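Summary of structural features
Now for the letters of each chain:
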Amino acid sequence: MRLVFLGPPGVGKGTQAQRLVEQYSIRKMSTGDILRESVARQTPLGLQAKSFMDGGRLVPDQVVIGLVHEWLKGLARTQGYVLDGFPRTLVQAQALTRILDELKTPLHRVISFEVPETELIRRLTGRRSCPKCQWVYHLEFNPPRRPSRCDACGGALVQRDDDQEETVRKRLKVYQEETVPLLTYYDELKLLSRINGQGTIEEVSERLMEILKPFMGRR
Ligand code: AP5
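Notes on the structure in this doc start here. The residue numbering used here restarts from 1 in each chain and proceeds along that chain's sequence as written. With pLDDT at 70 or above as the cut-off, local features in this predicted model cover only qualifying residues; side-chain atom pairs require 80 or more to be listed or tallied, and sums for whole chains, interfaces and linings still use all residues. Side-chain metrics rest on all non-hydrogen atoms present in the structure, leaving aside hydrogens and water.

Turning our attention to the packing of helix H2 (residues 31-40) against helix H3 (residues 44-54). Interaxial angle, 0 to 180 degrees, is taken between N-to-C directions of lines fitted to C-alpha atoms, where a helix line uses only the stretch in contact. Each helix is a run of H or I in the DSSP string that is no shorter than four residues. Each strand is a run of E no shorter than two, and both are numbered from the N terminus. Put simply, H2 and H3 touch, their axes get as near as 8 Å, and they point 110 degrees apart. Between H2 and H3, the angle is such that the two are roughly perpendicular. Relative to H3, the crossing made by H2 is left-handed. Across from Gly32, Leu35, Arg36, Ser38 and Val39 in H2, the residues of H3 making contact are Leu45, Gly46, Ala49, Lys50 and Met53. Gly counts as polar in this scheme, as do all residues outside two lists: the nonpolar Ala, Val, Leu, Ile, Met, Phe, Trp, Tyr, Cys and Pro, and the charged Asp, Glu, Lys and Arg. Considering only residue class, the contact of H2 with H3 consists of five nonpolar, three polar and two charged. Angles are sorted into four bins: roughly parallel if under 35 degrees, roughly antiparallel if over 145, roughly perpendicular if 65 to 115, and oblique for all others. Handedness of a helix crossing follows the sense of rotation of the near helix relative to the far helix, less than a right angle counterclockwise being left-handed and clockwise being right-handed. Between two residues, a contact is recorded if the distance between any of their heavy atoms is within 4.5 Å.

With that settled, the discussion passes to the packing of H2 against helix H4 (residues 61-73). Closest axis-to-axis distance for the H2/H4 pair is 11 Å, and the angle between their directions is 105 degrees. On the basis of the axis angle, H2 is roughly perpendicular to H4. Facing H2, whose interface residues are Thr31, Ile34 and Leu35, H4 presents Val64, Leu67 and Val68.

Below, the discussion takes up the pairing of strand S3 (residues 80-84). Throughout, exposure labels follow a simple rule: accessible area from a 1.4 Å probe, protein chains only, divided by the maximum for the residue type, with under 20% read as buried, over 50% as exposed, and the rest as partly exposed. Across the five residues that make up S3, a large majority, five, are buried. Burial along S3 is two-sided: the face carrying Gly80, Val82 and Asp84 and the face carrying Tyr81 and Leu83 are both buried. Pairing of strand S2 (residues 26-30) with S3 involves five bridges; the strand directions are parallel. The residue bridging methionine 29 from the neighbouring strand is leucine 83, located in S3. When DSSP finds two or more bridges between a pair of strands, those strands are recorded as paired.

Below is the structure:
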């Protein structure tokens with residue numbers, strides 16, 4: 001299965017992608033995770049990306065397109081994956097279509113997760129994540145077994161710099177302006193499925209599985 005997960009900040013894309021990776025032999029590419037890791041390591045990419053991310057703005061298209069292109073070229077043709085947080089602009093979506101045409105590996109499905117804004121803010125302000133292994137928790141909805149420690153690797157959990165309420169509001173505005181037009185783009189390509197992202201993580205996961213059932217095992 002070759003999938004794209006779309007949806008506003010905090011809707012649960014990363015959480016659902018993480019579950020797919022655990023349950024199936026599928027890979028995950030999160031542009032946000034790669035950019036955050038680059039910022040933490042102060043690489044040239046990280047230094048370039050930091051001010052955009054801290055301000056809740058998108059990193060320039062050519063930077064992220066280059067990252068995803070390299071990653072996709074490195075995959076076996078039969079390897080399934082989910083792109084979490086890419087594409088986010090029409091330019092990125094068109095570039096992805098061109099890259100996948102070149103590789104002769106078209107997408108199977110684009111999933112748009114949908115949740116009201118008040119719930120997104122609750123999810124984002126309570127989120128804690130592990131900078132070592134990228135595992136994601138929520139203080140109330142998905143707490144770690146030991147306070148502030150990652151269940152998977154024992155690392156110290158942190159709150160993301162861009163999860164402050166003011167930056168969250170800016171990210172939601174950027175999503176409306178830059179990413180919402182992709183819903184029409186993928187709908188016209190007959191690739192889009194919309195999914196209600198409300199309810200527990202388990203419930204959303206069950207809805208996702210219903211949509212993905214016909215694509216399981218596709219190459
Ligand atoms: P990125 O890291 O991609 O952030 P995002 O898209 O804003 O999405 P989030 O990671 O905030 O949310 P999510 O939907 O994955 O939710 P999660 O599963 O964590 O990008 C960060 C920045 O990097 C961007 O602002 C931009 O600057 C840059 N960037 C990245 N990609 C880019 C691109 N392609 N182009 C340009 N710039 C780019 O869940 C949230 C919380 O809710 C968690 O605590 C979780 O435990 C909880 N939760 C999940 N599901 C449920 C549920 N069903 N019920 C209750 N709680 C739940």
